[in-house]
Amino acid sequence: MTPADFHQENSIDSSSGDSNSATTSSDLERIERRRALTRTRQLRYLQKKRQYENDLMASVATLQTEVRQLQQYLHQLQSAGSTPSFLPSLPTWTGAARSNILQVAQSFVRCFHSGFSPTEQAPWLPCVSPEQEHIRFAQQSIHPDVRHGEMHGQNSFLEQWRRYTTFFGALALVPSSFELVTHDDEPESVCRVQLTMSLDLVSTTFQNVFPHLLQPQHASLRSLLLNQRIHVPMTLMLQFNDEGQVVRYDQSLDLVEALHPVLGSYRDVAVVLQDAHISACGHIGSDVSSPRNVRLALSFLLNVD
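The sections below set out a description of the structure shown in this document. (Residues numbered from 1 in each chain as written. Predicted model: local features only at pLDDT ≥ 70, side-chain atom pairs only at ≥ 80, totals over all residues. Heavy atoms only, no water.)

1. Some remarks on the packing of helix α7 (residues 255-263) against helix α8 (residues 266-274)
At their nearest, the axes of α7 and α8 sit 9 Å apart, and the two run at 125° to each other. Taken together, the axes of α7 and α8 lie oblique to each other. The chirality of how α7 crosses α8 is right-handed. Contact with α7, carried on its side by L255, V256, L259, H260 and L263, involves Y266, D268, V269, V272 and L273 of α8 and no other residues of that element. For the contact of α7 with α8, the class distribution of residues is eight nonpolar, one polar and one charged. (Axes fitted to C-alpha atoms, helices over the stretch in contact; angles between N-to-C directions. Helix = DSSP H or I, 4+ residues; strand = E, 2+ residues; numbered from the N terminus. Parallel < 35°, antiparallel > 145°, perpendicular 65-115°, else oblique. Left-handed = near helix turned anticlockwise from the far one by under 90°. Contact = heavy atoms within 4.5 Å. Nonpolar A, V, L, I, M, F, W, Y, C, P; charged D, E, K, R; others polar.)

Right under this line is the structure:
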């Protein structure tokens, strides 16, 4: 090999080494950029997760505070109600009136104990000769312009019971007490009914009541709830006129207490109820006005015990 050939070979080796060094340096830079981008994305994800958890904890804390305030207020009402000064405000119900009110309230629970599954299409009333027991009861004992939450009328009243029956796999009402009470010093009589509404959660429930749980990120919650039976504490306030018809119907459902035993976490309960198609007064369906926060306007109370 001549000196010229040796010099040329060394030049080639040097150029090859410089090229490899440049390639390695470029690869390292790309790898470092990818790592930096991954770290940034992970940091953003953790920040969003922490913010989401903080928001849920704040909602739970707010619920607990409001429940304590409501419990104190209830205790004050109960204490005040036991004093003689409140006795004159009680309506003067005769024995027959008391019996009639309680009878209608008991008939109401008995009639709707397993929901309402009509064979006809709405509207069902007015109807000259209703065949179903539910329609017959509504025609006789429910005022044509009955108020219930944000709705009014016999047909919307029956429609909500139809939805509860259709959107859930099964429905069962079990009453625990019937009590005559006063209502804002008004002359109408009011009956308060405490009961439990048992509901089976099926695929139709998620489509119509909890559609947000159909999203992939909520698959685990949906799996926990599917085919489960929940027992919802429920309070009915039935207000009667002088003719013994229900002129106002208010219901309060404690879905927090019903869902917590199944989910085991108030955070998960908050996620389930956050975007549910449930109104503040317990109406269900995509066309109802749903509160955009987990408190659901205090219709669903968090048990602090």
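2. Looking at the pattern of salt bridges
For the structure shown, the criterion picks out eight salt bridges. A salt bridge links R162 to E159; its shortest N-O distance comes to 2.8 Å. Here R162 and its partner E159 are both found in helix α4 (residues 154-167), three residues apart, which amounts to about one turn of the helix. When its relative accessible area of 23% is taken as the criterion, R162 is described as partly exposed. Under the relative-accessibility criterion, E159 is labelled buried at 17%. (Salt bridge = Lys/Arg side-chain N within 4 Å of Asp/Glu carboxyl O. Buried < 20%, exposed > 50% of the residue type's maximum accessible area, 1.4 Å probe, protein only.)

3. Things to note about helix α3 (residues 133-141)
Among the residues of α3, H134, I135, F137, A138 and S141 are the ones counted as buried. Looking down the long axis of α3, one finds its buried residues gathered within 160° of arc, a one-sided arrangement. (Arc of directions from axis to C-beta.)

It is worth stressing that arrangement in space is one thing and function is another; only the former is reported here.
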